[in-house]
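# Survey of secondary and tertiary structure
Here's the letter readout for the chains.
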Amino acid sequence: MKKRISIGPKLYIALCFIFFYLPIFVTMFFSFNSSKSLTHFTGFSLKWYRRLLTDSNIISAVYVSVSIALIATIISTILGTMTAIGLSKSRKVIKEWLLNINNMPIMNPEIVTAIGMMLFFTSIRMERGYITMLLAHIAFCTPYVIVSVYPKVRSMDHNLADVAMDLGATPFQALVKVILPMLKPGIYAGTLLAFTMSIDDFVISYFVTGNGVSNISIIVYNMTKRTNPTINALSTLLILVVVFILVIVNVIPVVTKHRKKKKVELAGTKKGIFRKAMATAGIVISLGIAFFCIIRFSEMNNKPVLRVFNSGEYMDASLVNEFEEKYHCKIVYETYDSNESMYTKLQSGAKYDIVVPSDYMIERLIREEYLQPIDWSLIKNKDKIIPKLLGGNYDPQDRYTVPYYWGTVGIVYDKTVVDQKDLQEGWDLLRNKKYSGNIYMYDSERDAFMVALKALGYSMNTTDKGKLNEAYQWLVEQRELMNPVYVGDDVMDNMISGNKAMAVVYSGDGAYIINENENMDFFVPEQGSNVWTDGMVITKDCQNIKLAHQFIDYFLNREVAIINTEYIGYDSAVKSVYEYFQNVEYKGNPGCAPDTSNEKNEEFKDQNADIKAYTSNLWTKIKSHQ
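Here's a quick rundown of the structure. What you see is a predicted model, and the numbers here were worked out from it, not measured in a lab.

Quick notes on the rules
- Residues numbered from 1 in each chain as written.
- Predicted model: local features only at pLDDT ≥ 70, side-chain atom pairs only at ≥ 80, totals over all residues.
- Heavy atoms only, no water.
- Buried < 20%, exposed > 50% of the residue type's maximum accessible area, 1.4 Å probe, protein only.
- Helix = DSSP H or I, 4+ residues; strand = E, 2+ residues; numbered from the N terminus.
- Axes fitted to C-alpha atoms, helices over the stretch in contact; angles between N-to-C directions.
- Parallel < 35°, antiparallel > 145°, perpendicular 65-115°, else oblique.
- Left-handed = near helix turned anticlockwise from the far one by under 90°.
- Contact = heavy atoms within 4.5 Å.
- Nonpolar A, V, L, I, M, F, W, Y, C, P; charged D, E, K, R; others polar.
- Right-handed = clockwise from strand over helix to strand, strands pointing away.
- Phe/Tyr/Trp six-rings, centres within 6.5 Å; stacked < 30°, edge-to-face > 60°.
- Lys NZ or Arg CZ within 6 Å of the ring centre and 35° of its normal.
- Core = buried A, V, L, I, M, F, W, Y, C linked by side-chain atoms within 4.5 Å.

## Let's talk about helix H10 (residues 216-223)
In terms of burial, H10 is largely enclosed, as six of its eight residues are buried. Taken as a whole, H10 has its buried residues at Ile216, Ser217, Ile218, Ile219, Asn222 and Met223.

## Details of the packing of helix H14 (residues 339-347) against helix H15 (residues 359-367)
Contact geometry for H14 and H15: axes closest at 10 Å, N-to-C directions at 20°. When the interaxial angle is binned, H14 and H15 end up roughly parallel. The crossing of H14 and H15 is right-handed. Of the residues in H15, those touching H14 at Asn339, Glu340, Met342, Tyr343 and Leu346 are Tyr360, Met361, Arg364 and Leu365. For the contact of H14 with H15, the per-class residue count stands at six nonpolar, one polar and two charged.

## Observations regarding the packing of helix H4 (residues 92-107) against helix H6 (residues 130-155)
Contact geometry for H4 and H6: axes closest at 9 Å, N-to-C directions at 130°. Regarding the angle of H4 to H6, the classification is oblique. Crossing geometry of H4 relative to H6 is assigned as left-handed. Here H4 contributes Lys95, Leu99, Asn102, Asn103, Pro105 and Ile106 to the contact with H6, which in turn contributes Pro143, Tyr144, Ile146, Val147 and Tyr150. When its residues are assigned to classes, the contact of H4 with H6 shows eight nonpolar, two polar and one charged.

## Observations concerning unusual backbone geometry
A positive phi is found at Arg125, a non-glycine position, where the angle reads about 55°. Along the polypeptide, Arg125 turns up in the loop between helix H5 (110-123) and H6.

## Quick notes on H15
Burial in H15 covers these residues: Asp359, Tyr360, Met361, Ile362, Arg364 and Leu365. On its buried face, H15 is in contact with H14, strand E4 (371-372), helix H16 (445-455), strand E10 (531-539) and helix H23 (609-623). Phi for Glu369, located one or two positions after H15, is positive at around 60°.

## Concerning the pairing of strand E2 (residues 330-336)
Most of E2 sits inside the fold, with six of its seven residues counted as buried. One crossover worth recording links strand E1 (residues 305-311) to the parallel E2 by way of helix H13 (residues 317-327), and it is right-handed.

## A short note on the packing of aromatic side chains
In this structure the tally under the stated criterion is 30 aromatic pairs. Arranged with centres 5.4 Å apart and planes meeting at 35°, the rings of Phe202 and Tyr206 form a pair that is tilted. Relative to Tyr221, the ring of Tyr206 has its centre 6.2 Å away and its plane inclined at 75°; by these criteria the two rings are edge-to-face. With Tyr206 in helix H9 (residues 203-208) and Tyr221 in helix H10, this residue pair connects regions lying 15 residues apart in the sequence. Owing to a relative accessible area of 8%, Tyr206 belongs among the buried residues under this scheme. Here a set of aromatic residues connected by ring pairs shows up, and it is made of Tyr314, Tyr404, Tyr405, Tyr442, Tyr506, Trp532 and Tyr570. Over the ring of Tyr343 we find Arg364; its NZ or CZ atom is 4.7 Å from the centre of that ring.

## A short note on the environment of Ala452
Structurally, the position occupied by Ala452 is in helix H16. A relative accessible area of 0% places Ala452 in the buried class. Expressed as a C-alpha distance, the spacing of Ala452 and Glu470, which sit 18 residues apart in the sequence, is 8.4 Å. In this view, Ala452 contacts Ala471, Trp474 and Leu475; residues no more than four positions away in its chain are not counted.

## With respect to the nonpolar core
Note that soluble globular proteins tend to have their nonpolar side chains buried in a common cluster. Residues Ile331, Trp427, Leu430, Phe449, Met502, Phe551 and Phe555 are the most contacted members of the largest nonpolar core, which totals 128 residues. For this core, the leading source of residues is H6, giving 12 residues.

## Let's talk about the environment of Asp55
Its location among the elements puts Asp55 in the loop between helix H2 (47-53) and helix H3 (56-88). Sequence-wise, Asp55 and Ala317 are 262 residues apart; in three dimensions their C-alpha atoms are separated by 8.3 Å.

Below, the structure written as structure tokens:
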């Protein structure tokens, strides 16, 4: 008989730890990579750490995260402990009712809590920023403290407090000397849980923040919009801080234990004094940091303020700082992850001066009267804009829009895998069985339907449900035949690494991929594609109109636009800059440049509610294999 090979418990534990910690080690390893790639190590470098330490946005985010986490933890711990003690003295009906209410924010989906808080702050006309984020964190941390402390309160002998008072202690002394020491394990657990929840939170913070206040999670989320290894450097530093704290907490007691009894007793006395001193210092430091952040974000040093709302990683922050110095103003710069989330924030009452949406969203904002006209007499660099970008269907008379960046959608492919003859198939190349299981599709409803509609010879803006159903069938058959992987911006690093034969990407991403991997090329099918334009618009709520125009005009300056384009990677609306990068950036790959000569290319138009709901339903079915 063959012997059964069994895996011992130690090996199971080892495999679990590898599974848990290998991604952390990979992150730390690639934080020292000399290139932008997140999967291909090209050489040792500290440049991402230098960039991290000189990025004012990240430093501010660290201040915000730490100060809010500390203050929210202290306040929620006090509130939660008081509530838990109070509940133990309440009547049974009230106790059960309040405990059920306390469980609601814990069990509630975080997105529901976030939207509820956003609407609450909007309804009471409270300006969103540092204070609203702090209040939100206190609100969702307190229930966790109550849950941690209340079981200890229930198991406690309440007679001890009465005995202490019978022996002459005041109620406060009984609380501090008797009750709190007995609750210490629960209080510590609640405190640690509250701090962890606060510093880790993204969803609630994202919806309740404003005035340029961002914590670490929001900054990291915005970085993920494009390949940005600074994330690895930031993550590594955070990991090292956690490791340092764990070492301090666990090693010092072990070292102290091995000392002589006399020294241990002396050390114990000093340790108690040290702990009290550290606790006091921690409270003072946290309050000091909070005070600094409140002053920093609530006061604008009497300078004119301009609030800019842009997509993540879509503007070089150093240029924003230069603009502030040049015009002696304060730019409150916030980012969003999609046009739809930007629109949601505007609907919720958030006020901005300049917004940078895409063409179809600009059309919607114009129709719903969110914008005010551009005073072209204040745009000195108007003549530098590419003429073809003016007079778009979304704003035919150029009343509201100044073009910012533009591009198209095409297919990036591996020349060593894809046969050049197959490119003649155009978009149908994405259904060629030869490449089954070897393609990436962009995880975007409108882009996916654009591909299918263009492959079928239809307009990508069709409102004919029959044609949309044909596009749906095209995408369903593609999924069954090709088994594509639906991805976001991570497609760039995957294609640079050569993980698939082809992918649907934006032209700027295609240029970046080609420059990083010489085996890649890019083409836009002759059947046509989406030629998109992102524009800078001024909202009707803008008060400092002159400064808003100066900001827009500043980014049309050639020198500024070159620096910005190098940072972003897409095609500038400034003609001379676009032509410059045609020769430099594409390096013999002009197919990455948007082509306006093909009459089959189109701009996206804003969909009406009925068509939007219809296509969304079809897209959901495609993604769920129905």
